[in-house]
Amino acid sequence: DCLGTPIVYSPVKADLTGNIKKIRAVYDSNPAKFKTLQNILEVEREMHGSAWPKTGATLALMWLKRGLKFMLVLLQSISDGERDEEHPNLIRVNAMKAYEIALKKYHGWMLQKLFTGSVYALPYKSDLLKALEKGKEVKEEESVEKIHQFLSRVTPILDAIYEMYTKMNAELSYKA
């Protein structure tokens with residue numbers, strides 16, 4: 001919701017929300033059996049056989065982790081002070097960096113072009129930081145410090161999910 005223009009980013013939000021719902025549905029079907037994300041992947045690997053990891057919560061988590069990586073790289077880039085010197089309140093540079101690192105290699109030509117166009121609908125950095133603060137007026141330095149704290153907690157979790165996918169040979173490289 002913090003990325004501004006709903007018509008541009010609502011499909012992305014719907015995709016992320018849909019992936020969360022798929023993972024949650026598997027967990028809710030048997031919380032004792034699916035205590036961890038790894039449990040879900042292991043059971044699905046057995047259950048789906050040769051179709052795994054191209055199905056179920058395994059596929060949903062794969063795309064969710066990629067979307068989360070995009071968000072974390074975007075926030076890290078902003079908090080590191082990376083910016084377009086000519087337009088310091090725009091976050092296009094940060095978004096393009098995050099896209100290059102987290103998503104571009106998984107997108108075909110059409111999605112790459114759509115993303116490149118969508119960066120022009122991103123909010124100003126000041127508006128994004130205000131949205132992250134739920135509308136409160138806070139100094140940029142305070143917001144950046146909160147982003148650093150958030151990243152220090154969430155990045156290791158996401159890194160562990162990536163490592164799990166690598167160890168289980170669950171990562172797919174096809175283009176959407």
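Anything mentioned here points back to the structure above.
Described below are features of the structure shown in this document. (Residues numbered from 1 in each chain as written. Predicted model: local features only at pLDDT ≥ 70, side-chain atom pairs only at ≥ 80, totals over all residues. Heavy atoms only, no water.)

1. Here we look at the nonpolar core
Alright, step 1. In terms of nonpolar packing, the biggest core is built from 21 residues, with Ile23, Leu41, Leu61, Met164 and Tyr165 touching the most fellow members.
Alright, step 2. Listed by contribution, the elements that provide at least two residues to this core are helix 1 (6-29), helix 2 (37-48), helix 3 (56-79) and helix 7 (140-167).
Alright, step 3. Looking at this core element by element, the count peaks at 7 residues for helix 3.
Alright, step 4. Setting aside residues no more than four positions away along its own chain, isoleucine 23 makes contact with Leu37, Ile40, Ala57, Ala60, Leu61 and Leu64.
Alright, step 5. With 14 residues, the next largest nonpolar core counts Phe70, Val73, Leu74 and Ala95 among its residues. (Core = buried A, V, L, I, M, F, W, Y, C linked by side-chain atoms within 4.5 Å. Buried < 20%, exposed > 50% of the residue type's maximum accessible area, 1.4 Å probe, protein only. Helix = DSSP H or I, 4+ residues; strand = E, 2+ residues; numbered from the N terminus. Contact = heavy atoms within 4.5 Å.)

2. Notes on the packing of aromatic side chains
Alright, step 1. Scanning all chains against the criterion turns up 4 aromatic pairs.
Alright, step 2. Ring centres 5.8 Å apart and planes at 85° place the aromatic pair phenylalanine 70 and phenylalanine 115 in the edge-to-face group. Residue phenylalanine 70 is located in helix 3, and its partner phenylalanine 115 is located in helix 5 (residues 109-118); the two are separated by 45 residues in the primary sequence.
Alright, step 3. Ring centres 4.0 Å apart and planes at 5° place the aromatic pair tyrosine 99 and phenylalanine 115 in the stacked group. Of this pair, tyrosine 99 sits in helix 4 (residues 92-102) while phenylalanine 115 sits in helix 5, and the two are 16 residues apart along the sequence. Phenylalanine 115 matches tyrosine 99 in its accessibility class, with the two residues each being buried.
Alright, step 4. Among the aromatic residues, those joined into a cluster by ring pairs are Trp63, Tyr106 and Tyr174.
Alright, step 5. Arginine 45 extends its terminal NZ or CZ atom over the ring of tryptophan 52, reaching a point 5.5 Å from the ring centre. (Phe/Tyr/Trp six-rings, centres within 6.5 Å; stacked < 30°, edge-to-face > 60°. Lys NZ or Arg CZ within 6 Å of the ring centre and 35° of its normal.)

3. A word on the packing of helix 6 (residues 125-132) against helix 7
Alright, step 1. Axis separation between helix 6 and helix 7 bottoms out at 10 Å; the angle between their running directions is 60°. The handedness of the crossing between helix 6 and helix 7 is left-handed. Residue-level inspection shows Lys125, Leu129 and Leu132 of helix 6 in contact with helix 7, the latter providing Glu140, Ser143 and Ile147.
Alright, step 2. Looking at the contact of helix 6 with helix 7, its residues break down into 3 nonpolar, 1 polar and 2 charged. (Axes fitted to C-alpha atoms, helices over the stretch in contact; angles between N-to-C directions. Left-handed = near helix turned anticlockwise from the far one by under 90°. Nonpolar A, V, L, I, M, F, W, Y, C, P; charged D, E, K, R; others polar.)

4. Description of the pattern of salt bridges
Alright, step 1. With the rule as written, the count across this model stands at 10 salt bridges.
Alright, step 2. Arginine 24 serves as the salt-bridge partner of aspartate 28, at 3.3 Å between the closest nitrogen and oxygen. With aspartate 28 and arginine 24 both in helix 1 and 4 residues apart, the pair spans about one turn of that helix.
Alright, step 3. Of the residues examined, aspartate 28 reaches a relative accessible area of 43% and is grouped as partly exposed.
Alright, step 4. The partner of glutamate 85 in a salt bridge is arginine 83, and the shortest N-O contact between them spans 3.9 Å.
Alright, step 5. For glutamate 85, a relative accessible area of 60% translates into the label exposed.
Alright, step 6. The class for arginine 83 is partly exposed, based on a relative accessible area of 39%. (Salt bridge = Lys/Arg side-chain N within 4 Å of Asp/Glu carboxyl O.)

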